[in-house]
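As a plain string of letters, each chain reads:
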Amino acid sequence: MYSESGSDFIRQLSSLPLEIYLATTTMESNTKKLHIAMFPWSAFGHMIPYLELAKLIAQQGHKVSFIATPKNIDRLPKPPPSLSSLLTFVKIPLPAVPHLPAAAEATTDLPYDKVQYLKIAYDRLREPMKRFLQESAPDWVMYDFAPHWVGPVAAELGIPCAFFSIMIA
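Let me begin by describing the structure that accompanies this report. (Residues numbered from 1 in each chain as written. Predicted model: local features only at pLDDT ≥ 70, side-chain atom pairs only at ≥ 80, totals over all residues. Heavy atoms only, no water.)

**Quick look at the packing of helix H6 (residues 126-136) against helix H7 (residues 150-157)**
The description of two helices packed together rests on the angle between their axes and the distance between the axes.
Next up, step 1: At a minimum axis separation of 10 Å, H6 and H7 run at an interaxial angle of 35°. The handedness of the crossing between H6 and H7 comes out as right-handed. Facing H6, whose interface residues are Arg126, Lys130, Leu133 and Gln134, H7 presents Val153, Glu156 and Leu157. (Axes fitted to C-alpha atoms, helices over the stretch in contact; angles between N-to-C directions. Helix = DSSP H or I, 4+ residues; strand = E, 2+ residues; numbered from the N terminus. Left-handed = near helix turned anticlockwise from the far one by under 90°. Contact = heavy atoms within 4.5 Å.)

Now the structure itself:
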């Protein structure tokens, strides 16, 4: 799965403001446990690091809602049973758009020239995502580059958010 250096990278995320906040609310403390919604871009090079971070957050006793399309969630590695009560997968169906094959939900399902249609479909997740955020009222939202509209939606709902983008070094 990940090389040792990849695992080290995930562990070094403690420099993020959200991670610092989370570090002050460990399982041993009596402070409020957080609910964090995570919404990565629909590419496994983004979803897997988000999932690794979700597991680290859940290990601290915080609830995580990992949001992705149904097919992508079904293809992700299953988290350890010890985290099943804290890490929830939320399936939001990808809307159909012209030129996007019906079975395509991730960049791996498409040739490069069709990824633009996946981005268009992703933009159409704005309203379902907004409904989820309204109904679940998370304490934080973490989002990737493609759903650029999550920040303004979270701000409108009064939910703090963190932009966490995966880049190749």
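Back to the text.
**Some details on the pattern of salt bridges**
Next up, step 1: Considering all chains together, one arrives at six salt bridges under this definition.
Next up, step 2: For Glu52, the salt bridge goes to Lys55, with nearest N and O atoms at 3.0 Å. Residue Glu52 and its partner Lys55 are both found in helix H3 (residues 44-59); the two are separated by three residues, about one turn of the helix. Each of the two residues, Glu52 as well as Lys55, counts as buried.
Next up, step 3: Where Lys91 meets Asp74, a salt bridge forms, and the shortest distance between an N and an O atom there is 2.8 Å. A residue pair is termed long-range when its members are at least 10 positions apart, and Lys91 in strand S3 (residues 87-91) and Asp74 in helix H4 (residues 70-75) qualify at 17 residues.
Next up, step 4: Assessed through its relative accessible area of 43%, Lys91 is described here as partly exposed. (Salt bridge = Lys/Arg side-chain N within 4 Å of Asp/Glu carboxyl O. Buried < 20%, exposed > 50% of the residue type's maximum accessible area, 1.4 Å probe, protein only.)

**Focus: the layout of surface pockets**
Any empty space left between the atoms is revealed when a probe the size of a water molecule rolls over them.
Next up, step 1: The calculated volume of the largest pocket comes to roughly 180 Å³.
Next up, step 2: Forming the walls of the largest pocket are Trp41, Ala43, Gly45, His46, Thr107, Val115, Lys119, Phe145, Ile166, Met167 and Ile168.
Next up, step 3: Its residues placed into classes, the lining of the largest pocket shows seven nonpolar, three polar and one charged. (1 Å grid on protein atoms, 1.4 Å probe; cavity = no way out; pocket = protein on both sides within 12 Å on 5 of 7 lines; lining within 4 Å. Points joined across faces, edges and corners; volume = space filled by probe spheres on them. Nonpolar A, V, L, I, M, F, W, Y, C, P; charged D, E, K, R; others polar.)

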